[in-house]
Amino acid sequence: MTLTLKDIATASGVSESTVSRVLNDQPGIAPSTRTRVLDVAREMNFIPNQQARNLSNQKTGVVAMLTYAWPGTTHFVASSLDTDGVTAACQARGYQLATSTVTDDEMKDLSSHPLLKPGAVDGVLLAGPALTPAFIVSLRTAGIPMVLIDNTLENATVDSILHDNTAGVSWIVDHLVDVHGRKSLAFMSGPDAWLSSRERGKALHAAADRRGVHARTFCMDDTTVEAGLKHVTKIVEGDFPADAIVAVNDATAIGAIEGLKDLNVGIGTDVSVTGFDNVTWGAFHRPSLTTLHAFGAEMGRRAAERLFEILESDTSDGAHLTLRVGTKPVIRESCGCTDFSREAT
């Protein structure tokens, strides 16, 4: 029998629209109602688009690490440090790791992805904020064990390993104000739907308010070098007199630096620029990039170990873990410092 939203709604005692909102992780649903709908969907083996639920108890010894397939890319793209941490953890515990991307179409139809077919893997690690809530809820409803890296659900519980997006950004604001006298901070943000963008932007505005300086958020569709290059021109030529650019990640920051060079704006003198991640090439860029070091390998290791705990547990008590991993400031030239070899505190 082909199950529909109406079937789930009838069994749950709620409307079809309520079922739809639950399965898409939308707000406005009472926690007890959300739990009841998800339990009914699981008991009835319902997966959106009639995807086959993985009911197999046979272990493969393989876990998958999945990230979003950005348009124009054909290969796996995730933080190399995240992947290093996951790989090391898998080797230590005797698991094999399969990495892959997930397209928009595959997120709508789990069975179309080879690693999400019944029995393909024991569990999945989902890396990055671009994987949609509806996709994550679908996996959860399918009973596929998973842990998220740099992502979470707003309205349903799931195991997540996240950056501390607050303390480091607050430190950056204090540094820009105290050391460089900056008064107008432009935050180059990814899409507002991404948790990391929202939290870092919120932290920046809170710190700016605390220090009595101006701040404005500029949202972008993605967070690439190209996006930074494109949008920094709009900032410089707009009506907000930014004397500091705080980018949501290093790629965006480096793009912004290149754009400022094209506009003959002095990096570190006229405008400070900072990033987030501490990618390897940030140290070799000119000027070198002041940033926040994100402990990606630690995040990957913790995520993998949590997944192993879920897979190897004899009981499921319904408890979920959310872990925040801190950051560390890395002082270099792009903020305006010259003594950037000193240790940030």
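The structure we're discussing is the one just above.
Residues numbered from 1 in each chain as written. Predicted model: local features only at pLDDT ≥ 70, side-chain atom pairs only at ≥ 80, totals over all residues. Heavy atoms only, no water.

Undergrad: Report on the packing of aromatic side chains, specifying residues and quantitative values.
TA: For any two aromatic rings, the description comes down to two numbers: the centre-to-centre distance and the angle of the planes. Enumeration over the complete set of coordinates arrives at two aromatic pairs. When the ring of Tyr 95 is compared with that of Phe 308, the centres are 4.5 Å apart and the planes differ by 5°; the resulting orientation is stacked. With a gap of 213 residues between them, Tyr 95 in the loop between helix H4 (80–93) and strand E2 (96–102) and Phe 308 in helix H11 (residues 296–312) connect regions that are remote in the sequence. Residue class for Tyr 95 comes out buried when judged on its relative accessible area of 15%. For the pair Phe 218 and Phe 240, a centre-to-centre distance of 6.2 Å together with 55° between the ring planes defines the contact as tilted. (Phe/Tyr/Trp six-rings, centres within 6.5 Å; stacked < 30°, edge-to-face > 60°. Helix = DSSP H or I, 4+ residues; strand = E, 2+ residues; numbered from the N terminus. Buried < 20%, exposed > 50% of the residue type's maximum accessible area, 1.4 Å probe, protein only.)

Undergrad: I'd like a rundown of helix H6 (residues 133–141), residues and numbers included.
TA: The element H6 is largely enclosed, with a buried count of seven among its nine residues. Taken together, the buried positions of H6 are Phe 135, Ile 136, Val 137, Ser 138, Leu 139, Arg 140 and Thr 141. Backbone geometry just downstream of H6 places Gly 143 in the positive-phi region, at approximately 80°.

Undergrad: Got a sec to walk through the pattern of salt bridges? Specific residues and values, please.
TA: Under the criterion given, the structure shown has 13 salt bridges. The salt bridge partner of Asp 239 is Arg 216, with a shortest N-O separation of 2.8 Å. Residue Asp 239 is found in the loop between helix H9 (225–236) and strand E8 (244–247), and its partner Arg 216 is found in strand E7 (residues 214–219); the two are separated by 23 residues along the sequence. Assessed through its relative accessible area of 65%, Asp 239 is described here as exposed. Using a relative accessible area of 33% as the deciding quantity, one classes Arg 216 as partly exposed. (Salt bridge = Lys/Arg side-chain N within 4 Å of Asp/Glu carboxyl O.)

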